[in-house]
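Geometric and topological summary
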Amino acid sequence: MALNTINPTETNAWKKLEMHYNEMQKASMQELFQLDATRTEKFNLKWNDFLIDYSKNIINQETLQLLLELADEVGLKSAIAEYFDGAIINQTENRAVLHTALRAQESAVINVDGNNVIPEIYEVKNKIKKFTNEVTSGERMGYTGKPFTDVVNIGIGGSDLGPAMAVEALQFYKNHLNVHFVSNVDGDHINEIIKKLNPETTLFVIVSKTFTTQETLTNSETIRKWFLSRDFGTTQEDIAKHFVAVSTNMQKVTEFGINPNNVFPMWDWVGGRFSLWSAVGLTISLAVGYDNFDEFLQGANEMDEHFRTANFDQNMPVTLALLSIWYNNFFGAESEALIPYTQYLQKLAPYLQQGTMESNGKSVGRDGKTINYQTGTIIWGEPGTNAQHAFFQLIHQGTKLIPADFIGFVTPLYGDYDHHDKLMSNFFAQTEALMHGKTEAQVQAEFDKQGISEDKAKFLLPFKVFTGNKPTNTILIQKLSPKTLGSLIALYEHKIFVQGVIWNIFSFDQWGVELGKQLANSILDEINTKTIKSHDSSTAFLLNHFLMNK
Ligand code: F6P
């Protein structure tokens with residue numbers, strides 16, 4: 001079974017949405033709120049520890065109805081079933097897409113090629129648990145018999161961003177291990193990390209689904225050379241104590257010299273950018289302990305169940321996805337901001353950039369035809385309140401429409417309500433300000449109060465007006481915990497899936513990253529041999545400059 005191919009713009013719902021947009025493009029949220037006292041009651045969702053208020057959007061009941069019709073017309077219901085059941089929905093790579101299986105209950109049965117994958121998943125989970133406990137308890141030691149103090153995750157893209165984001169997000173739950181991440185092939189990155197390490201007490205986790213990625217292999221080689229340097233008195237045998245790998249490619253891992261017992265397998269039906277739930281999350285488990293890692297999986301599993309079973313009008317991922325389609329495809333919004341009101345989620349936007357943009361940055365439909373409508377949204381963001389002091393000016397008064405998700409927590413982890421109430425008052429104030437704006441009359445009233453002269457007031461007035469009407473979703477969660485983090489990440493994963501289904505694209509391949517990799521390999525040969533071959537004049541000019549000056 002494969003996902004069907006329906007050009008969304010040819011559906012009845014899309015045509016109706018286009019007509020509806022003509023009415024709504026001039027709608028003002030302020031008026032919509034005035035007209036309907038029950039608006040927020042209609043446009044909010046509650047589930048577990050999550051509340052999503054999406055009433056501050058340029059929508060009415062009809063908008064929602066038509067978006068839901070669109071979801072029905074493109075066959076979202078059956079697509080969700082295929083996704084969870086392990087159908088080959090990643091058709092260009094001929095693979096199922098089953099990161100959801102990684103967090104399924106042990107009693108579940110999910111077949112890939114007729115084999116239930118749950119027992120293998122639990123086998124690997126048990127291996128992660130045992131290894132984590134051995135490292136954190138000090139039972140597993142380095143080559144001089146000392147317990148590990150540091151863990152270095154070596155990987156890139158999905159083999160880095162997910163664990164790095166989650167370890168940062170769950171810092172409050174962290175144990176004594178110092179965790180480092182090396183991703184960039186930039187030698188300065190790895191040398192900066194190496195400076196901080198003691199080989200006797202450092203564990204290296206090499207994470208690469210393919211084990212062919214240039215950045216990860218180069219970094220791993222550099223670390224191995226450093227580890228085996230004469231000064232440390234290490235031998236080849238010590239590698240087994242200090243290096244473990246997470247990969248699907250057993251052959252390449254063994255060629256690298258890693259003991260097969262130290263390999264944590266993963267499967268080709270786990271996409272890199274959705275892999276933190278697999279053994280790719282080993283570093284998360286090491287950092288916060290296995291029980292917390294398991295809670296993280298549990299939170300994602302609960303969101304999976306919500307997504308799979310809730311009616312679309314009560315469904316959080318479906319609602320966020322449809323609203324995003326509304327702005328992207330009808331209002332022409334180019335990007336979306338993600339503003340978490342917690343410093344812990346500072347890596348959420350970079351993480352979801354890969355999830356969203358690698359998945360849905362496509363321009364060919366599932367029928368192989370070039371598509372004639374916008375897909376993949378651009379995701380960006382920073383934690384509030386820092387973001388307010390950086391780019392909020394543009395969101396409030398710039399020329400672009402930037403729908404934004406505000407993510408906040410009711411309870412602060414250290415219980416510091418002096419700070420938290422200040423933080424959260426900003427959280428609430430911003431969405432209100434973005435929606436309401438400030439009218440000329442309000443600005444004038446302020447001038448009058450301040451006794452500003454008529455001339456000055458006349459000059460300043462246009463600069464001080466805020467049009468408002470800027471859409472936001474408020475995602476208010478009880479507390480940042482491994483479980484709620486798992487649910488939050490799964491919420492966005494499913495949003496990505498829904499959008500891919502509606503846009504009629506394959507969300508789970510990433511051919512677009514290949515061309516640059518290929519060219520980089522041939523340019524590296526040219527740099528090594530100092531022979532610049534045929535390039536466009538700009539690239540040749542730059543390469544010559546580099547070679548002459550290096
Ligand atoms: O950048 C492309 C990509 O294939 C990502 O999708 C993936 O997460 C990353 O490279 C790393 O790949 P690997 O885990 O195989 O080293």
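Cut-offs used in this document
- Residues numbered from 1 in each chain as written.
- Predicted model: local features only at pLDDT ≥ 70, side-chain atom pairs only at ≥ 80, totals over all residues.
- Heavy atoms only, no water.
- Helix = DSSP H or I, 4+ residues; strand = E, 2+ residues; numbered from the N terminus.
- Rg over C-alpha atoms; globule rule 2.2 N^0.38 Å.
- Buried < 20%, exposed > 50% of the residue type's maximum accessible area, 1.4 Å probe, protein only.
- Contact = heavy atoms within 4.5 Å.
- Areas by Shrake-Rupley, 256 points an atom, 1.4 Å probe, with all protein chains shown as cover.
- Lys, Arg positive; Asp, Glu negative; His and termini not counted.
- Charge placed at Lys NZ, Arg CZ, Asp CG, Glu CD.
- Pairing = 2+ DSSP bridges.
- Axes fitted to C-alpha atoms, helices over the stretch in contact; angles between N-to-C directions.
- Phe/Tyr/Trp six-rings, centres within 6.5 Å; stacked < 30°, edge-to-face > 60°.
- Lys NZ or Arg CZ within 6 Å of the ring centre and 35° of its normal.
- Polar contact = N/O pair within 3.5 Å; in protein donor to acceptor, adjacent residues only side chain to side chain.
- Near = heavy atom within 4 Å.
- Nonpolar A, V, L, I, M, F, W, Y, C, P; charged D, E, K, R; others polar.
- Domains from an automatic or database assignment.
- UniProt positions renumbered as here; feature names shortened; annotations may be inferred.

To continue, consider the overall build of the protein chain. Helices and strands together make up the secondary structure of the protein chain, namely 22 helices and 13 strands. Relative to its length of 550 residues, the protein chain is compact, with a C-alpha radius of gyration of 26 Å against a globular reference of 24 Å. Counting only C-alpha atoms, the protein chain reaches 80 × 60 × 60 Å along its principal axes. Burial statistics for the protein chain: of 550 residues in total, 53% are counted as buried. Looking at the protein chain alone, contacts between residues at least 24 apart form 74% of all its contacts between residues at least 6 apart. Taken as a whole, the protein chain presents about 24,700 Å² of accessible surface, with 51% of it coming from carbon and sulfur. Of the side chains in the protein chain, 46 bear a positive and 63 a negative charge, and the two mean positions are spaced by 3 Å.

All right, on to the pairing of strand β7 (residues 202–207) then. When you tally the buried positions in β7, you get 6 out of 6 residues, the bulk of the element. Burial along β7 is two-sided: T202, F204 and I206 facing one way and L203, V205 and V207 facing the other are all buried. Relative to β7, strand β5 (residues 150–154) runs parallel, the two being bridged by 5 bridges. In the sheet register, V152 faces β7, and the bridge partner there is F204. As judged from the 4 bridges shared by β7 and strand β8 (residues 243–247), these two strands associate in the parallel manner. Opposite F204, over in β8, you have F243 as the bridge partner.

Right, let's talk about the sheet that holds strand β9 (residues 263–265) for a bit. Here we have 5 strands laid out as an open sheet, ordered β6-β5-β7-β8-β9, and parallel in their pairing. Strands with a single pairing partner mark the edges of an open sheet, and in this sheet they are β6 (178–182) and β9. Each neighbouring strand pair of the sheet contributes to a mean axis angle of 20 degrees, computed without reference to strand direction. Helix-sheet contacts for helix α9 (residues 214–227) involve β5, β6, β7 and β8, and the interaxial angle to β7 is about 155 degrees.

Another point: the packing of aromatic side chains. One pair of aromatic rings is described through two measures. These are the centre distance and the angle between the planes. Inspection of every chain in the model, using the stated rule, returns 39 aromatic pairs. Ring centres of F391 and F392 lie 5.8 Å apart, and the angle between their planes is 40 degrees; on these two criteria the pair is classed as tilted. F391 gets classed as buried once you look at its relative accessible area, which sits at 17%. Here the aromatic residues W14, Y21, W326, Y327, F330, F331 and Y373 are joined through ring pairs into a cluster of three or more. Between R39 and the ring centre of F33, over which it is positioned, the NZ or CZ distance is 5.1 Å. Looking at R224, its charged tip hangs above the ring of F256, at a distance of 4.3 Å from the centre.

The subject of this paragraph is the side chain of N57. Among the structural elements, N57 can be located in the loop between β2 (50–53) and α4 (61–73). Judged by its relative accessible area of 1%, N57 falls in the buried class. A distance of 2.7 Å separates a polar atom in the side chain of N57 from a polar atom in the side chain of Y327. Other than its neighbours up to four places away in sequence, N57 contacts M29, R39, L323, Y327, P471, T472 and N473.

Along the chain, the position of F84 falls in helix α5 (residues 76–85). Note on F84: relative accessible area 10%, which makes it buried. For F84 and V97, which are 13 residues apart along the polypeptide, the C-alpha to C-alpha distance reads 8.0 Å. Look past the residues within four positions of F84 in its chain and what remains in contact with it is L98, T100, I110, D304, F307, R308 and H494.

Turning our eyes to something else, we now look at the site of the ligand. As a structural note, the neighbourhood of the ligand is formed by 14 residues, with S159, S208, T210, T213 and E358 the closest of them. Note that an oxygen atom of the ligand is positioned 2.5 Å from one of the side-chain N or O atoms of T213. Relative to its unbound accessible surface of 390 Å², the ligand loses 87% to contact with the protein. Looking at the shell around the ligand residue by residue, the class counts come to 2 nonpolar, 9 polar and 3 charged.

This part covers the domain arrangement of the protein chain. The domain boundaries assigned to the protein chain delineate domain 1 (111–293) and domain 2 (511–549). Between the C-alpha centres of domain 1 and domain 2 there is a distance of 32 Å.

Per the UniProt record, "active site" (unreviewed entry) is annotated on E358, H389 and K517. In three dimensions, the annotated residues from a span of 160 residues occupy distinct locations, with a maximal C-alpha spread of 36.8 Å. One can find E358 in helix α15 (residues 348–360). When residues no more than four places from it in sequence are discounted, the contact partners of E358 are R273, Q353, D509, Q510 and V513. As for its placement among the helices and strands, K517 is situated in helix α21 (residues 514–529). For K517, a relative accessible area of 45% gives the class partly exposed.

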